[in-house]
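Below, each chain spelled out in residue letters.
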Amino acid sequence: MSALEYAIGWVLVVITLALIVATPFALVHARTTHDHGPDCWWCHPHLLPRKKR
Ligand SMILES: [Zn+2]
């Protein structure tokens, strides 16, 4: 196996694990409508530029 294939395989594994980890959070936020507070990074993403609410 070449190094490139090895790297691609690792990327796929990491993406799969990330999805598995993120799924419970997505389900929790899909089932609950209340605000989790300003500290919840999912309800209040800090990476995105500020928008008017
Ligand atoms: Zn939240």
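All residue numbers refer to positions counted from 1 along the written sequence of the respective chain. Side-chain atom pairs in this predicted model are given and counted only at pLDDT of 80 or more, local residue features only at pLDDT of at least 70, and totals for whole chains, interfaces and linings cover all residues.

Things to note about the environment of C43
Alright, step 1. Its location among the elements puts C43 in the segment after α1 (3-31).
Alright, step 2. Remark: the alpha-carbon pair of C43 and H29, spanning 14 residues in sequence, is separated by 8.4 Å.
Alright, step 3. What counts as a contact is two residues whose backbone-derived C-beta atoms lie within 7 Å of each other. Beyond its immediate chain neighbours, meaning those up to four positions away, C43 contacts D35 and H36. What counts as a helix is a DSSP run of H or I of at least four residues, what counts as a strand is a run of E of at least two, and both are numbered from the N terminus.

Regarding α1
Alright, step 1. How far a helix is expected to stretch is found by multiplying one less than its residue total by 1.5 Å. Counted at 1.5 Å a residue, the expected span for α1 with its 29 residues is 42 Å, and the 43 Å between its end C-alpha atoms agrees.
Alright, step 2. Bend, in this description, refers to the angle at a residue between axes fitted to the seven residues ending there and the seven starting there. At A22, α1 is bent by approximately 30°, the largest bend along its length, and proline P24 sits one to four residues beyond.
Alright, step 3. With C-beta atoms placed from the backbone, a residue is buried if 20 or more other C-beta atoms are within 10 Å of its own, exposed if 12 or fewer are, and partly exposed between those counts. The element α1 is barely covered by neighbouring structure, given that only zero of its 29 residues are classed as buried.

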